Amino acid sequence: MLARRLRARVQRPMHEHELSDEMAFHIDMLTPDGVARGQSPEEARAAALRKFGNRTALAEEAHDMWSIGALDIALRDVRFAVRGLRRTPVFAATAVLILGLGIGMATAVFTVYHAVLLRRLPVHDQDRLVVLWGTARGTIGQVPLPYPSYLELRDGSRTLSSAAAYEYTTGARVPMHYGGTTLSVQPQLVTGNFFQALGTQPFLGRLLRPSDDVPGAEPVLVLSYAAWQRFFGGDRNVIGRRLSLSGEGPALVIVGVAAPGLEFPAGTDARLPLLPLRPGAASDSAGVLVDVVGRLAPRATAAQARSEFLAVVHRARMGNPDLQRQFGASVHPLPELLLGDVRPALVALAAAVALLLVIACTNVGNLLLVRAAGRGQEMTIRRALGAGYAHVVRQFLMESLVLGVLGGALGLLLAIAFVRIFLAFAPAGLPRLDTIRPGVGSALIAAGITLVSTALFGLAPALWNAKSDLASPLRGGTRSSRGGGSGRSARLGRNALVAWQVALAVVVLAGAGLVVRSLEHLQRLDLGYRPQGQAVVELDWPWSTYSTPEQGRDPMQRIVQRLEALPGVIAATPVHRPPFAGSKGLPGVFITEGESPSDPHAHSYINVELAGPDYFRTFGLPILRGRAFTAADREGAPHVVIVSEAPAKLY
Amino acid sequence: MPDSNRSDQLLPGTLEMLVLKTLSLGPLHGYGIAQNIQLLSGEALRVEEGSLYPALQRMTLKGWVRSQWKLTPTKRRARYYTLTAAGRKQLGLEASAFERLVAAIGRVMQADVR
């Protein structure tokens, strides 16, 4: 029935036309009767018309039947509002522009916020997934778990219903050959049940299975979504292609692409099964170290998982109670690990943009109030002619709605542009960056924001103006000739709005100023070394083709010498890991002279970096005591280490 | 305004039923429906055009009739109305309700004693 009424409304002009044709036909049919009775054609027609009755009344009744009352009123209001706005184009343009900017920025930021923080990760029940690793007193570094201990955890855990592991790496990139080119890939070795524990589906192809994770299995590889986009441009034919590590072993077959957003540790490009590349991992002496990611059992808590993990960590160092005491464990929910770093920044951004939107709405609301002040007389006449209070309010709201819709449309276009700009400038490490896209979600967000904004800036002026005093505007006179909107209370109201806007603007400015100060501060922070003029060179060298360290030494020395010989280079040094690339140095144990490793005291864990003779010169680090490395500290000479201040203070 | 003293007035509410019944005998245009009712009732009932066309529009909106422009036997363009299945059903409902009403009135009028 409703559908028919809608259709009738839409086709109303046609219906009216047809009805008038119908009535004409009917009257024509009545006319011959008169002629038969001897009247002239004109008389007969007049008689027929009289007989037929009031055509106008009939047409009006039919018209009402084909109409939907509310719709017609609304359309009329919209037309009126548009006409009113066209009379003041500057006001309309200004209001639409302000709204467009505010709504556009808000939509852009909330699109990013939604894509990065709000959307669920492509895993099953993300809040039950945790990542566990060991910690050590006195260092921020992670203490990974030996692989055999992981097996113990996996098989015997009561708090984790499934436990997978990934190799603790220094995050170094590995060159891989594909076709004729070399790709710089950050690989991650994972256990076969890794993807199953996460409960995720592949984006393309398949994910790793336990059957891939046995020594001697064909080496396969699953690309991360980001790497697939970056290296292969999203080419769907990538499944089945092969990558090879520099000169070593059989080629790796790409079997699938993982869902977007699962790159942890940050920047992981590919996941490979652990055992084929580390066949002896299960034995204690192999030294394969892992971090654990697992799913909490139905009634287990993260704290319980941590305690169980800690017990395993301690059991791994049972012979060393002193060493044991320094070790702890930390548990991290997976969403926190992936997104936790950016949350504060995005929340701050969202808050700032929300404030800006409120400022914009207040601005437009104020403009509306000022505009309405000049229409007091018009409103009074309308009220006097019988327009109800609700009717007038509705009229104002319709104006606000028209402005809102126009502003929203402009805002959506601006939002798309803003998101593109954001993507161009966003930090590369932003999680799920590759999945931020203006889309249907953005349009919905924009619509929602528009509605809220319209209510904000439209309602108050509408209610205010409809209440204007009836008599005084018509009386004219100096004080209130322009209607209720220019009375003293109205002026106070508008001043309050302006004050409110200024206050908000000050808040936003203060916040922005603080952020700029912090950034500046960070840039001038004393890092302890001179970072200016430093460059990191990643080498794609077939190190693994050398069977002893000595063979690698010559080429390395030659490379360093050639680099140092370049004009403008003061010093160069090989490093295991560049600074500020994470807390992933090599794990080491500090033993005082005269004690043996099993001596039960004064043993402590420290993070170790390997370096060449020019390490300190390259970084500009001052030596506080003793000496720096020299070329003499090489094969055959006693092993030397240089410690930083913290361990030196401890001992 | 219809004169309520005229003996050829339709009972209120029966117009639609009469139109539906007329159309159940075959499609007709508006003029034809009015003529038909007049004829079949032996000139006792006369349809006001001012009520007929709004009634036809109402019945179209409710889905009881549908219409189509066709040529009359005299080659003039007219709008013919046809009964729909829903209209047929409605006719049945209204007819039985009317009969019940008439029977009830009759029972009252034929009472001899109170």
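**A closer look at the overall build of chain A**
Summing up its helical and strand segments, chain A has 22 helices and 16 strands in all. Classification of the 651 residues of chain A by burial places 40% in the buried group. Counted over contacts in chain A with a minimum sequence separation of 6, partners at least 24 positions apart contribute 75%.

**Focus on the overall build of chain B**
Assigned secondary structure in chain B consists of four helices and three strands. In sequence order, chain B lays out its α and β elements as α-β-α-α-β-β-α. Counting only contacts in chain B whose residues sit at least 6 apart along the sequence, the fraction spanning at least 24 positions is 50%. Counting every atom, chain B has about 7000 Å² of accessible surface; 58% of that belongs to carbon and sulfur.

**Details of a positive patch on the surface**
Taken together, Arg76, Arg79, Arg83, Arg86 and Arg87 of chain A make up a surface patch of like positive charges. Relative to the elements of secondary structure, Arg79 of chain A occurs in helix H5 (residues 69-87).

**Topic: the pattern of salt bridges**
All names here are of chain A. With the rule as written, the count across this model stands at 19 salt bridges over all chains. Between Asp28 and Arg45 there is a salt bridge whose closest N-O contact spans 3.1 Å. Of this pair, Asp28 sits in helix H2 (residues 12-36) while Arg45 sits in helix H3 (residues 41-52), placing them 17 residues apart in sequence. When its relative accessible area of 27% is taken as the criterion, Asp28 is described as partly exposed. One salt-bridge network, held together by shared partners, links Arg9, Arg12 and Asp72.

**With respect to the packing of H2 of chain A against helix H4 (residues 55-65) of chain A**
Residue and element names in this part refer to chain A. Interaxial distance between H2 and H4 falls to 11 Å at its minimum, and their mutual angle equals 150°. The chirality of how H2 crosses H4 is right-handed. Every residue of H4 that contacts H2 at Arg12, Glu16, Leu19, Met23 and Ile27 is listed here: Arg55, Leu58, Ala59, Ala62 and His63. When grouped by side-chain class, the residues that make up the contact of H2 with H4 number six nonpolar, one polar and three charged.

**Regarding the nonpolar core**
All names here are of chain A. Ranked by internal contacts, the top residues of the largest apolar core, which has 58 residues, are Val116, Phe194, Phe264, Val293 and Leu403. Filtering out sequence-adjacent residues up to four positions away, Phe194 remains in contact with Ala164, Ala165, Tyr166, Gln188, Phe264, Arg271 and Val293. Formed by 46 residues, the second largest nonpolar core is a distinct cluster that contains Leu204, Leu221, Tyr225 and Ile254.

**Quick look at unusual backbone geometry**
Even without a glycine there, the phi angle at Asp125 of chain A is positive, about 50°. For Asp125 of chain A, a relative accessible area of 39% corresponds to the partly exposed category. Here the phi dihedral of Lys75 of chain B falls at roughly 60°; this positive angle occurs in a residue that is not glycine. Positionally, Lys75 of chain B belongs in the loop between strand E2 (65-71) and strand E3 (77-83).

**A word on the interface of chain A and chain B**
Residue-level contacts link 22 residues of chain A with 22 residues of chain B. Buried area between chain A and chain B, summed over both chains or domains, comes out near 2100 Å², and the portion from carbon and sulfur atoms is 62%. Contact with chain B buries area across many residues of chain A, yet Glu22, Phe25 and Met65 of chain A alone supply 31% of it, more than any other trio. Between the two partners, chain A and chain B, sit three salt bridges. A salt bridge links Arg79 of chain B to Glu22 of chain A; the nearest nitrogen and oxygen atoms lie 3.0 Å apart. The interface formed by chain A and chain B includes ten residue pairs in polar contact (both at pLDDT 80 or more). Every element with two or more residues in the side of chain A that touches chain B is listed here: helix H1 (2-10), H2, H3 and H4 of chain A. Counting residues per element, the side of chain A that touches chain B draws most heavily on H2 of chain A, at eleven residues.

**Quick look at the sheet that holds E2 of chain B**
All names here are of chain B. If you walk across this open sheet you meet the three strands as E1-E3-E2, and the pairing is antiparallel. Each edge of the open sheet is held by one strand with a lone partner, namely strand E1 (28-29) and E2. Relative to E3, E2 is paired through seven bridges, and the arrangement is antiparallel. For Trp69, the partnering residue across the bridge sits in E3 and is Arg79.

**Details of the pairing of strand E13 (residues 289-296) of chain A**
Residues and elements named next belong to chain A. The element E13 is largely enclosed, with a buried count of seven among its eight residues. In this sheet, E13 lies alongside strand E1 (residues 129-136) in antiparallel orientation, the contact comprising four bridges. Residue pairing across strands places Leu129 opposite Arg295, the latter belonging to E13. Direction of pairing for strand E3 (residues 145-146) relative to E13: antiparallel, over a ladder of two bridges. The residue bridging Leu145 from the neighbouring strand is Val290, located in E13. Across seven bridges, the pairing between strand E4 (residues 160-167) and E13 is antiparallel. Following the sheet pairing, Ala164 is matched in E13 by Val293.

**Focus on the side chain of His26 of chain A**
Within the secondary structure, His26 of chain A sits in helix H2. Looking at His26 of chain A, the relative accessible area reads 1%, which means it is buried. When sequence neighbours within four positions are dropped, the list of residues in contact with His26 of chain A reads Phe52 of chain A together with Gly30, Tyr31, Ala34, Glu49 and Tyr53 of chain B.

**Section: the packing of aromatic side chains**
Residues and elements named next belong to chain A. This model, assessed by the stated rule, comprises eight aromatic pairs over all chains. Note on Tyr147 and Tyr150: the rings are 5.6 Å apart at their centroids and 50° apart in plane angle, and the pair reads as tilted. Of the two residues, Tyr147 and Tyr150 both sit in helix H7 (residues 147-156), three residues apart, roughly one turn of that helix. Taking relative accessible area as the criterion, Tyr147 reaches 3% and is therefore assigned buried. The exposure class assigned to Tyr150 is buried, which follows from its relative accessible area of 0%. What links up through ring pairs into an aromatic cluster is the set Tyr166, Phe194 and Phe195. Cation over ring: Arg230 sits above Phe231, and NZ or CZ is 5.0 Å from the ring centre.

Conventions and cut-offs
Going along each chain's sequence as written, the residues are numbered from 1 onward. Just so you know, chain letters begin at A and ligand numbers begin at 1, following the order they were written in. Per-residue local features of the predicted model are confined to residues with pLDDT of at least 70, and side-chain atom pairs are confined, for both listing and counting, to 80 or more; whole-chain, interface and lining totals are unaffected and use all residues. Hydrogens and water molecules were not included; the side-chain quantities draw on all heavy atoms of the structure. For helices the rule is a DSSP run of H or I covering at least 4 residues; for strands it is a run of E covering at least 2, with both sets numbered from the N terminus onward. Per-residue accessibility, obtained with a 1.4 Å probe over protein chains only, is compared with the maximum for each type, and a residue is labelled buried under 20%, exposed over 50%, and partly exposed between these values. Note on contacts: a residue pair qualifies if any of its non-hydrogen atoms lie within 4.5 Å across the two residues. All accessibility values rest on the Shrake-Rupley procedure with a 1.4 Å probe; residue burial counts only the protein chains present in the view. Residues enter patches when their relative accessible area tops 30% and they take part in no salt bridge; the joining distance is 9 Å for like charges and 5 Å for the nonpolar side chains Val, Leu, Ile, Met, Phe, Trp and Tyr. The salt bridge criterion pairs a side-chain nitrogen of Lys or Arg with a carboxyl oxygen of Asp or Glu, the two atoms within 4 Å. Think of it this way: Lys and Arg go in the positive column, Asp and Glu in the negative one, and His and the chain ends go nowhere. For this purpose, a charge sits on NZ of Lys, CZ of Arg, CG of Asp or CD of Glu. Convention adopted: a line fitted to C-alpha atoms gives each axis, helices being fitted over their contacting stretch, and angles between N-to-C directions are expressed from 0 to 180 degrees. Throughout, a crossing is termed right-handed when the near helix is turned clockwise from the far one, and left-handed when it is turned anticlockwise from it by less than a right angle. Each residue gets one of three labels, nonpolar for Ala, Val, Leu, Ile, Met, Phe, Trp, Tyr, Cys and Pro, charged for Asp, Glu, Lys and Arg, and polar for the others, Gly among them. Buried Ala, Val, Leu, Ile, Met, Phe, Trp, Tyr and Cys residues that are joined via side-chain atoms within 4.5 Å together make up what is termed a nonpolar core. Each of two parts loses accessible area, computed with a 1.4 Å probe, when they are put together; buried area is these two losses added. Identification of polar contacts relies on pairs of N or O atoms within 3.5 Å, with a donor-acceptor requirement for protein atoms, meaning one able to donate a hydrogen and the other able to accept it, and with residues adjacent in sequence counted only if both atoms are side-chain atoms. When DSSP locates at least two bridges between a pair of strands, those strands are taken to pair. Here the aromatic set is Phe, Tyr and Trp, taking the six-membered ring for Trp, and pairing holds for ring centres within 6.5 Å; pairs whose planes are under 30 degrees apart are stacked, those over 60 apart are edge-to-face, and all others are tilted. The rule for a charge over a ring is simple: NZ of Lys or CZ of Arg within 6 Å of the ring centre, and within 35 degrees of the ring normal.

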